[in-house]
Amino acid sequence: MTDELRFPTELKLWKYKIERLARRFGLNFHPVIYHIVTAQEMSEVVARHGFPTAPHHWRVGQESVRLKKRFRFGTGRIYEIVINTIPTCAYLLQLNDTITQKSVMAHVCGHADLNMNNAYFDPTNRQMLNAFASDALQLERYIEIFGSERVKEFYDWILSFEFFIDQNSLYMRREAHAQSEDERNEDREKHKIPRRITPREELPSYMDEFLNPQEWLEEEKTRLAEEIQAKADIERGATVPPEPTKDILAFLIRYAQLEPWQKDWMARIRRQAYYFAPMVRTKLMHEGWATLWQEEIMTEAGMLSSSELFQFSNELVGVQRKHGGINPYRLGYEIWKDIKFRWNTGRHGTIWEDCPYRSIRDQWDEFAIFKTIADETAKSDITAFYTRWAEFSAFVKELKAGNLGYPQELFIRDLFTSDHLIEAWLMYKNVEIEHERFERMRREMEPLEERAEFIANQLGASFLKTFSEELRLKTRHDVYAQEDKLDLWLWTHDEVLRELAGIKSLMDFNKRWRKNQLQHSTIPIPEEWWLWAQKCTDPMRLGLGNKKIFEVRAAYDDLMFLEEFFTKEFCEEHKYFIYKAKKVWRWTPSGSEEEKRYVIDSRSFRRIKKRLLFQYTNFYLPIITVVDANYDNNGEMYLRHKHNGVDLDYWSNDGMYMKDVLQRIFWLWGGKKRVHLETIITKKEEERPWWFSWHQTEEKTTEDDRQLSGTRVLFSYGFRRIGEQDSNIAELQRTDLDKVTFTAPF
Amino acid sequence: MSLSRTGNIKADEAEYLAIIKGKIRQDLRRYLGAGNVTIRQKDGGLISIAMHEIEIPTWRYGFPPDEGVGEGDGEPGKDLGPVDEDEHGKGGQGHGSRKIVIDLTPEEFEEYFMEVLELPRIKPKGDRTIFEEREKYTTLSRKGPLAMRHLRRSWMEALKRAIGEGQFKPPEKTVVTPRNDDFWFKSWDVVREPKNNALIIYKRDVSGSMGARERRVVSYLCNLCEFWLARNYDRLEKVYIIHDDQAEEVDQERFFIEDWGGGTMCSTALAKTIEVIEGRFPVSQWNIYSVYLSDGFNFGNDNETFVNILGERILPIVNQFSYGQIGYTRDWWPSYKQSGANTFSSPGTLGQIILSRFASAENVAFAEISPDNFESAIDAIRKFFQKGN
């Protein structure tokens, strides 16, 4: 079952075209290899996260069974899966029709591009295919040598801690011992003396007492002494781990008494977790990015016929269908579009955010263009400004009449004007340059196209019908590569001609304007515009949309992405809300019954944003650190849960999510010494945790942050103290410590 | 790169299924009681059990997914739909695990079922077997179609002829070809096989209306009864009878949906049963199971008639008579009761009578079915079949 048989030439040709277009738009990715698989195979591959081989485990079986069932009942079709390797592998469903396959290939290009260019992916091991295969093989060997029960049991244990890694450690160094001996001594000397505060400007000497009071200097000295002591302790090895660490697996590998094969296997699982970490971290951006470019590529001329275009838009909308919760495809996609739009139309920076005039915001596009024209001309020559403004007024009139290549219908509503006015004006401004550029391209392309045609014919393209198209494409690429004009190769001759035709109407407008053949009425300029333009001295920059999204592509992860770009306007425009579950009484034919239903709770932007940000923090996993491996000076392990407002689950399924986990870590730690986990609990016995209380009430949820209280609690798992009854049974204990208060996280 | 090595997913799936079937076996009572067991008629009778996935214990937030962020129109307070306990998106981890549906073959399920409900195998009544004649291809004959040639025998026949004629002289090599006369053809023979047959007759009172929940529980009960009988007998036939003050035989769909609401005379159902049995199902050949679902409400004078027919004519010929008491909605009952008229006996009366009169009978079973849970349906099955009739 080789792929050549299943990847028909027709699809291959589309693949070339789609990848060429993607590169033309600026995407940059490693070669992609597609595998066409049946639905069953797709479920199996997805169960393995996209890798053809992965170590055996029953949960792969569970995932596979579940996906096959879902597919069978039609509740979920997985369109594609892409993995972050070199070469990039992607899987397509065999039963998709051609439009869907093309669409999916465009989507895959987006994914591959983000994988390659986002900074968070830099340290990933792109030879992971080999790593996974080697892991699978190694597991087999261990099973052979050490027995299936032992190995599988151990594997199950460590899977409980699979995701508890320090995701930021990929990008920074946390080692305490990074310095050499001399450096450390020097450091110590430097720190013994508290650094005095020195003012920027010279002050009279008696001020020094107020800037650096004696008490503060004394405090600093003691504090520094403690710090130095702590550092010395670390070096001596008295504090283990040197600093609280989130990377539990690494900690166990280093300090737990495990056999070499166990340590090796743990290291492999940890490696897998770190490999997937950037993908989980940028999931929202990924899906949005891929959908964005899927749309761009597929709506490019020549990709779809008009009827196919209709089907495609429906599917795109379908994938983005809102359902109950957040659809990551949709949210990501909308944010990317918003960024592009905002940076294209100047809706960013102080000029936008601090603008106090409602009227300006309502007519932003015209104002933005006004500002650019003012920047260019008003300071030096006011008549030049008014000429240009008149030109703009005429331009708008012609645009709305449908004479400049944009259909008239696009400007019926203000919404559409927003989308296209600035874009059209920018194109017009640069029309001369663009015209020149495309003309030059056309001229340069013609001889190369002829040569490619000639060579292709020589090679027999006209005779070998089946491969002729592919042969032509490959020959063309080679010819351009030979001449070192690959940037030219990104365009086809037809596309260039089409662009020229598009520009033509703008050029005509320009000619007519110069000949004063156009009538217009000047668009009035309100007073505020002048006021605001003068206040904001920085030049208005338009058309930066593309540049901005490529910047964001490189440097952001989901959390930063949401933090910066999920704005109030965005939230309100797309009508986000928070919903909660309530018990309501409903009338049914057989009487009334109580049912749990979702209702809209609030549209408060602040609350929505806090909730979203919480969701995307740390993979939505609780933050648990190993604080001490020698707790109580008895070799006991001490873990701390950094409580950020939500309790750990210690009651579901008979407390499985606390008891079993602590039990496992107890076993991993040797099975003799106790392990402790400190956390905070808000749930009182027989009562609900804090989030339940306002669920069930009618009270209106407020904007303010709620203050909540809880108890600090220590869960520990181990044998009972010597001398007590049954001291050979290990069990979970819970000790309540002090009371704490905190703010609700959302 | 080929995907041929993906074949080894079967090992993972097998391992997983072994684990989860063990779990099903342990917890089957709970799944049955929760109504999560569905018998699929179409896929060769596979039994589907909806259950939670096996999760690897790990630290997670105790926050339920009951709150989240969504998109769309509406004011605060707007209703968005029922809470779906299934999968949750990225935002929440859910309090339960995800749902998964596991298929069991009828054999596996039967084994667990018997174990869990402690049901004995049904002992079919000795002489109630029917002999079915079947044609089986066990013999040979001289004539037949080309496709049914028995090549080996034909060749041997040719060999015999060749030896007889002296053409075949080992060790010389001879080619022996069968001629037309030499051919033997596979042919059929009539074979009588004993088959145990079962007939299940459902009877329901449709003068009251059955709510949606009731309906679910009742059809669950019926499915499981049929499953159990089908596993114990070679063949199962089903008859559905509904009645108010007249009885009628219907098909399965109508049985559950119909709602007539006339007066109520329960004995008509029994009369109809007898009619059906005498007409189509000779008692000597069929094991008959009679299931009567009602709320025990009846026309006052009819109670005696019912009991007489039951005792004298039905019980002698059926393997088991099972009475299931369900709750109906009769809107007019409360005001009628207040008026003090006595034409109709209150709901539950018939059940009481059956219980008291036939408590010691060998083949009568009584069960109460409540609409709120499927547990009652499971209890009913136990009661119906625990004597092994």
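See above for the structure.
Let us look at the structure shown here. Counting starts from 1 at the beginning of each chain's written sequence and moves along it residue by residue. Whichever chain is written first becomes A and whichever ligand is written first becomes 1, with later ones labelled in order. Whole-chain, interface and lining totals are the exception, using all residues; otherwise, since this is a predicted model, local features are given only for residues with pLDDT of at least 70 and side-chain atom pairs are given and counted only at 80 or more. Side-chain figures throughout are based on the complete set of non-hydrogen atoms in the structure, without hydrogens or water.

Topic: the interface of chain B and chain A
Right, on to step 1. Each partner contributes to the interface: chain B provides 62 residues, whereas chain A provides 92 residues.
Right, on to step 2. Buried area adds together the accessible area that both of two parts lose upon being put together, with accessible area traced by a 1.4 Å probe. Here chain B packs against chain A, burying approximately 7,400 Å² in sum over the two surfaces, 57% of which is carbon and sulfur.
Right, on to step 3. For salt bridges, the criterion is a side-chain nitrogen of Lys or Arg within 4 Å of an Asp or Glu carboxyl oxygen. There are 5 salt bridges connecting chain B and chain A.
Right, on to step 4. Across the salt bridge formed by Glu-15 of chain B and Lys-152 of chain A, the nearest N and O atoms sit 3.3 Å from each other.
Right, on to step 5. Counted as a polar contact is a pair of N or O atoms within 3.5 Å, where, for protein atoms, one must be capable of donating a hydrogen and the other of accepting one, and residues adjacent in sequence contribute only when both atoms are in side chains. The interface formed by chain B and chain A includes 16 residue pairs in polar contact (both at pLDDT 80 or more).
Right, on to step 6. For helices the rule is a DSSP run of H or I covering at least 4 residues; for strands it is a run of E covering at least 2, with both sets numbered from the N terminus onward. Put simply, the parts of the chain that give the side of chain B that touches chain A at least two residues each are helix H1 (9-34), strand E3 (68-71), strand E4 (79-82) and strand E5 (99-104) of chain B.
Right, on to step 7. Here the element with the most residues in the side of chain B that touches chain A is H1 of chain B; it accounts for 9 residues.
Right, on to step 8. Any residue that is not Ala, Val, Leu, Ile, Met, Phe, Trp, Tyr, Cys, Pro, Asp, Glu, Lys or Arg is counted as polar, Gly included; the first ten are nonpolar and the last four charged. Of the residues in the side of chain B that touches chain A, the class split is 22 nonpolar, 16 polar and 24 charged. The criterion used for residue contact is that any of the two residues' heavy atoms lie within 4.5 Å.

Some thoughts on the packing of aromatic side chains
Right, on to step 1. The aromatic pairing rule takes the rings of Phe, Tyr and Trp, using the six-membered ring of Trp, and pairs them if the centres are within 6.5 Å, calling planes under 30 degrees apart stacked, those over 60 edge-to-face and the rest tilted. The full count for this structure, using the stated rule, is 74 aromatic pairs over all chains.
Right, on to step 2. On the basis of an interplanar angle of 15 degrees and a centroid distance of 5.5 Å, the ring pair of Tyr-323 of chain B and Phe-366 of chain B is categorised as stacked. Taken together, the residues span a long stretch of sequence, with Tyr-323 of chain B in strand E12 (residues 320-325) and Phe-366 of chain B in strand E14 (residues 364-368) at a distance of 43 residues.
Right, on to step 3. Buried residues are those whose accessible area, probed at 1.4 Å on protein chains only, stays under 20% of the maximum for their type, while exposed residues exceed 50% and partly exposed ones sit between those limits. Exposure remark for Tyr-323 of chain B: the relative accessible area of 0% places this residue in the buried category.
Right, on to step 4. Two conditions define a charge located above a ring, namely a distance within 6 Å from the ring centre to NZ of Lys or CZ of Arg, and an angle within 35 degrees of the ring normal. Arg-24 of chain A extends its terminal NZ or CZ atom over the ring of Trp-491 of chain A, reaching a point 3.7 Å from the ring centre.
Right, on to step 5. Across from the ring centre of Tyr-657 of chain A, 3.8 Å away, lies the NZ or CZ of Arg-60 of chain B, which sits over that ring.

Describing the pairing of strand E9 (residues 707-719) of chain A
Residues and elements named next belong to chain A.
Right, on to step 1. In short, DSSP must find at least two bridges between two strands for them to pair. One ladder, built from 7 bridges, connects strand E8 (residues 675-681) with E9; its direction is antiparallel. The residue of E9 that forms the bridge with His-676 is Ser-716.
Right, on to step 2. As judged from the 12 bridges shared by E9 and strand E10 (residues 730-743), these two strands associate in the antiparallel manner. Counted as the bridge partner of Ser-709 is Thr-741 from E10.

Observations concerning the side chain of Ser-64 of chain A
Right, on to step 1. Inspection of the secondary structure puts Ser-64 of chain A in helix H4 (residues 58-72).
Right, on to step 2. On the basis of relative accessibility, which here comes to 0%, the residue Ser-64 of chain A falls in the buried class.
Right, on to step 3. When sequence neighbours within four positions are dropped, the list of residues in contact with Ser-64 of chain A reads Ser-43, Glu-44 and Ala-47 of chain A together with Ile-9 and Glu-13 of chain B.

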